[in-house]
Amino acid sequence: MIKHSISLPKERLGYWFIVNKGRLYLTTDGQVPHGTLTSLTIATQPEQICWLGDYQQQPCYLLVDHDQISDDSFWHSARSLLAHSEALFELAARALQVALFLQTHRFCGQCGSAMHLVHWELAALCNKCGHRCYPRIAPCVLVGITRPGQILLARSTRHKPGFYSILAGFVESAETLEQAAVREVKEEVGVDITNLVYVGSQPWPFPHSLMTGFTAEYQQGDIVCQPNEIAEAAWFDLTNLPEVPPKETLSGRIIRQLQQKHLNNR
Ligand SMILES: [Zn+2]
C-alpha cells in the first residue's frame, strides 16, 4: 500500500469520502458523512487518509479501501450526489479517482518495484528506476449536433430503449479535442459536422474521464450507426425530445442549451 499519511487532529470537523471498489459511502439520508475522525464508527489507519479539498470552509478527506462497512445499502455511485450538489460531486469525483490511483499504482509499471507517493504533488514514484506516474485522466468529447429545428441523438448499446443522448467518444493519442469530435461523430453515425463550439467540461469519475462538451452544426451525410456502439440514432425535433440525461450532466446541459436557443429563435 502506498503511504500517504497526513497529520490530522482527531477532533477536527470535516467531510469524509469513504471509497470502496469505486463506490462511495453515504449516510442513510444520502449525505456524505460529516464530523470528526473519532465520530466515524470505523477504525482508520492514518496512511489511508488523503486530503481532497474544502467544502463550506471545512476539510474533505478520502478514506481508501474501506471494506469494514459490510452493509451494501450504504455504498452508492457518486452519481447520486449530482442532483444534490455540484461541489460535492466534484469532491467525490476526486475521491474516487485518487482512490483508484492509489489502488492501481502500488507497483512500478516499468520495473515492478514498490512505488511510493511524493509529498509535494499527487504522484507515485519508483525509487529504483525513477518512473513517475500521475492519476490517469481520460478526455472524452461530447457533441450536440443540430440542423434547423432538430438535434441528432443516439442510444448507446449500453443504454435502455427510449433513452437518448448526444454523441460521445474518447480522445485518442496525439489528437486534438476538435479532431476527436469530428472523428467520433463520423465513426458513430456517419455524418460530417461543422462550426464546432466549445461549451464546457465536467469531471466524470467512471472511472477517470474528463468530459469536454461541444455544439456543432450538421454538414452532410446520412445516419449510419456504428455496429456494437450505437443501437439507434435519429434527428429529433427540439420541441419534442425523448428521455435524455439529467440537466446536471454536461450532455444534459448541452441538450437543454440547444433546445433553449431554438425556442428563443422561433
Ligand atoms: Zn521502477
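All figures in this text were calculated on a predicted structure; none of them were measured in a lab.

S.K.: Is there a simple way to think about the overall build of the protein in this case?
M.R.: A tally of regular secondary structure across the protein gives 4 helices and 15 strands. Expressed as lengths along the three principal axes of its C-alpha atoms, the size of the protein is roughly 60 × 45 × 30 Å. Looking at the protein as a whole, 46% of its 266 residues qualify as buried. When contacts within the protein are restricted to residue pairs at least 6 apart in sequence, those whose partners lie at least 24 apart make up 62%. Summing over all exposed atoms, the protein offers an accessible surface of approximately 14000 Å²; the carbon and sulfur share of this is 49%. Within the protein, one finds 22 positive and 25 negative side-chain charges whose respective centroids are separated by 3 Å.

S.K.: Sorry, what's going on with unusual backbone geometry here?
M.R.: Apart from glycine, the bulk of residues carry a negative phi angle, and the bulk of peptide bonds sit in the trans form. A cis geometry characterises the amide bond from phenylalanine 206 onward to proline 207, with omega recorded as 0°. Position of proline 207 relative to the elements: it lies in the loop between β13 (192-204) and β14 (209-220). In this structure, lysine 21 takes a positive phi of about 50° despite not being glycine. With respect to the helices, strands and loops of the structure, lysine 21 is situated in the loop between β1 (14-20) and β2 (23-25). With a phi close to 75°, asparagine 228 is a non-glycine residue in the positive phi region. On the secondary structure map, asparagine 228 appears in the loop between β14 and β15 (230-237).

S.K.: Looking at this structure, how should I read the domain arrangement of the protein?
M.R.: Bring the parts together and some accessible area is lost; that lost area is often taken as the interface size. Here the domain parsing of the protein yields domain 1 (14-104), domain 2 (110-136) and domain 3 (138-265). Of note, the centres of domain 1 and domain 2, computed from C-alpha atoms alone, are 24 Å apart. The interface of domain 1 with domain 2 comprises 5 residues on the first partner and 8 residues on the second. When domain 1 packs against domain 2, close to 420 Å² is buried across both sides, 85% of that on carbon and sulfur atoms. Where domain 1 meets domain 2, there are 0 residue pairs in polar contact (both at pLDDT 80 or more). Looking at the side of domain 1 that touches domain 2 residue by residue, the class counts come to 3 nonpolar, 1 polar and 1 charged.

S.K.: Would you explain the pattern of salt bridges in this entry?
M.R.: Oppositely charged side chains may form a pair once their charged atoms are brought near each other. In the structure shown here, the tally under the stated rule is 10 salt bridges. Among the ionic pairs, arginine 23 bridges to aspartate 72, the shortest N-O distance being 3.3 Å. Of this pair, arginine 23 sits in strand β2 while aspartate 72 is found in the loop between β5 (58-63) and β6 (75-76), placing the two residues 49 residues apart along the sequence. A salt bridge links arginine 183 to glutamate 175, with the shortest nitrogen-to-oxygen separation between them at 2.6 Å. We classify arginine 183 as buried; its relative accessible area is 16%.

S.K.: How do you make sense of the side chain of asparagine 20 when you look at a structure like this?
M.R.: Tracing the sequence through the fold places asparagine 20 in strand β1. Owing to a relative accessible area of 7%, asparagine 20 belongs among the buried residues under this scheme. Reaching out from asparagine 20, the side chain makes a polar contact with the side chain of lysine 21 at a distance of 3.4 Å.

S.K.: Before we go on, may I ask you to explain the nonpolar core in this structure?
M.R.: Among soluble globular proteins, nonpolar side chains are generally buried collectively. Within the largest apolar cluster, 47 residues are counted, with the highest numbers of intra-cluster contacts made by Phe17, Leu62, Ile151 and Leu153. Per-element tally for this core: the top contributor is helix α2 (residues 86-104), with 10 residues. Once residues lying within four places of it in the same chain are set aside, the contact partners of isoleucine 151 are Ile145, Thr146, Ile166, Ala234, Trp235, Phe236, Leu238, Leu241, Ile255 and Leu258. Membership of the second largest hydrophobic core comes to 18 residues, among which are Leu152, Ala181, Val185 and Ala233.

S.K.: Which parts of the structure should I look at to understand the sheet that holds strand β8 (residues 124-125)?
M.R.: In any sheet, the strands associate via hydrogen bonds between backbone groups, in a parallel or an antiparallel arrangement. Sheet architecture is open: 3 strands sit in the order β7-β8-β9, paired in antiparallel fashion. Single-partner strands in this sheet number two, and they are β7 (116-117) and β9 (132-133). Two elements, β8 and β9, share 2 bridges in a ladder whose sense is antiparallel. Among the inter-strand pairings, leucine 125 is bridged to a residue of β9, identified as arginine 132.

S.K.: Would you mind going over the coordination of the zinc ion with me for this structure?
M.R.: Metal coordination angles have textbook ideals: 109.5 degrees for a tetrahedral set of four donors and 90 or 180 degrees for an octahedral set of six. Within the first shell, the zinc ion binds the protein through Cys108 (SG), Cys111 (SG), Cys126 (SG) and Cys129 (SG), at distances of 2.3 to 2.4 Å. Considering all 4 donor atoms around the zinc ion, the spread of angles at the metal, 100 to 117°, places the coordination shape in the tetrahedral class. In primary sequence terms, the donor set of the zinc ion follows C-x2-C-x14-C-x2-C. Here cysteine 111 is found in the loop between α2 and β7, whereas its partner cysteine 126 is found in the loop between β8 and β9, with 15 residues between them in sequence. By relative accessible area, which is 1% here, cysteine 126 ends up buried.

Analysis parameters
- Residues numbered from 1 in each chain as written.
- Predicted model: local features only at pLDDT ≥ 70, side-chain atom pairs only at ≥ 80, totals over all residues.
- Heavy atoms only, no water.
- Helix = DSSP H or I, 4+ residues; strand = E, 2+ residues; numbered from the N terminus.
- Buried < 20%, exposed > 50% of the residue type's maximum accessible area, 1.4 Å probe, protein only.
- Contact = heavy atoms within 4.5 Å.
- Areas by Shrake-Rupley, 256 points an atom, 1.4 Å probe, with all protein chains shown as cover.
- Lys, Arg positive; Asp, Glu negative; His and termini not counted.
- Charge placed at Lys NZ, Arg CZ, Asp CG, Glu CD.
- Domains from an automatic or database assignment.
- Buried area = accessible area lost by both parts, 1.4 Å probe.
- Polar contact = N/O pair within 3.5 Å; in protein donor to acceptor, adjacent residues only side chain to side chain.
- Nonpolar A, V, L, I, M, F, W, Y, C, P; charged D, E, K, R; others polar.
- Salt bridge = Lys/Arg side-chain N within 4 Å of Asp/Glu carboxyl O.
- Core = buried A, V, L, I, M, F, W, Y, C linked by side-chain atoms within 4.5 Å.
- Pairing = 2+ DSSP bridges.
- Donors = N, O, S within 2.8 Å, 3.2 Å for Na, K, Ca; no water.
- Tetrahedral: all angles 85-135°; square planar, octahedral: opposite > 155°, others 65-115°.

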